[in-house]
Amino acid sequence: MMTRIICALLAAVLLCGCQSIYRPQSGNEPLGYRDARLSDTEYRISFESWRSGDRARLRPLAEYRAAELGASLGYDWMQIMDADYVMREDAALGNDAALITRGAATSSGVVTDVTPGLGMRQRVYEVSLRVRYLHEPSDDALGVLALLARPLP
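Quick look at the structure, then. (Residues numbered from 1 in each chain as written. Predicted model: local features only at pLDDT ≥ 70, side-chain atom pairs only at ≥ 80, totals over all residues. Heavy atoms only, no water.)

Attention shifts here to the environment of Phe-47. Assignment of secondary structure puts Phe-47 in strand β2 (residues 42-49). The spatial distance from the C-alpha of Phe-47 to the C-alpha of Gln-25 is 8.6 Å, given a sequence separation of 22 residues. (Helix = DSSP H or I, 4+ residues; strand = E, 2+ residues; numbered from the N terminus.)

What follows is the structure in C-alpha cells.
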C-alpha cells in the first residue's frame, strides 16, 4: 500500500515538472531562463515564454532564478538594478510552438487557430533583469533566501 502511494506521488511530481516553464532555455525554443555574467557581481537574468498566459509570471520567475544564482554564488542579498519588458515576434520553431490565429473571419464567421509551421510568426514575451549581488544588505536589497522560500508562480 505504501509503495503505491509513493509511486503515485512520484508520478504526480514528474508530471508537474513536465508542465513547468521554469527551466533553462534549450535550443531555439523561446521558453525558460538564461543568465549572462556582466561583471564579478552583476548578471543579466532573462526569462521568456511564447505563452501569453505566462506574461504575469515572467518577472517573479526571473527574480527566483536570480535568487537561485545568487545563492549558488554565495551571496545573501541582491539588488534589481533595472528591468526590461519586451514583446517580439519570432519565427515559430519546433512542435511545441503556440497556436497562432490566422487571418480574418471567414464567410461563416469562424477564425481558425493553426499550429505554426515554417515561416509563421509567434509572439514572445521576455523580462530581463540586471541584478547586482551583495554580501551586506542595502536599502533596496532583496534577501536571496527569502525569495527562494516563495513558491514558484
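This is not the end of the story, as more comes after the structure.
In this structure the tally under the stated criterion is 15 salt bridges. Across the salt bridge formed by Asp-82 and Arg-44, the nearest N and O atoms sit 3.7 Å from each other. Taken as a pair, Asp-82 in strand β3 (residues 77-91) and Arg-44 in strand β2 lie far apart in primary sequence, 38 residues in all. Given a relative accessible area of 24%, Asp-82 falls into the partly exposed group. Put simply, Arg-150 and Glu-63 hold a salt bridge, and the shortest N to O gap is 3.2 Å. Of this pair, Arg-150 sits in the segment after α3 (144-149) while Glu-63 sits in helix α2 (residues 58-72), and the two are 87 residues apart along the sequence. You can call Arg-150 partly exposed: its relative accessible area is 36%. (Salt bridge = Lys/Arg side-chain N within 4 Å of Asp/Glu carboxyl O. Buried < 20%, exposed > 50% of the residue type's maximum accessible area, 1.4 Å probe, protein only.)

Ile-45, Phe-47, Met-78, Val-131 and Tyr-133 are the most contacted members of the largest nonpolar core, which has 25 residues in total. Mapped onto this core, the elements with two or more residues apiece are β2, α2, β3, β6 (121-134) and α3. The element best represented in this core is α2, accounting for 7 residues. Sequence-distant contacts of Met-78, that is, excluding residues within four places in its chain, are made with Glu-63, Ala-66, Ala-67, Val-131, Arg-132, Tyr-133, Asp-140, Ala-141, Leu-142, Val-144 and Leu-147. (Core = buried A, V, L, I, M, F, W, Y, C linked by side-chain atoms within 4.5 Å. Contact = heavy atoms within 4.5 Å.)

Note: strand β1 (residues 32-37) against β2, 6 bridges, orientation antiparallel. Within β2, the residue paired with Arg-37 across the bridge is Tyr-43. In this antiparallel pair of consecutive strands, β1 and β2, the connection spans 4 residues. (Pairing = 2+ DSSP bridges.)

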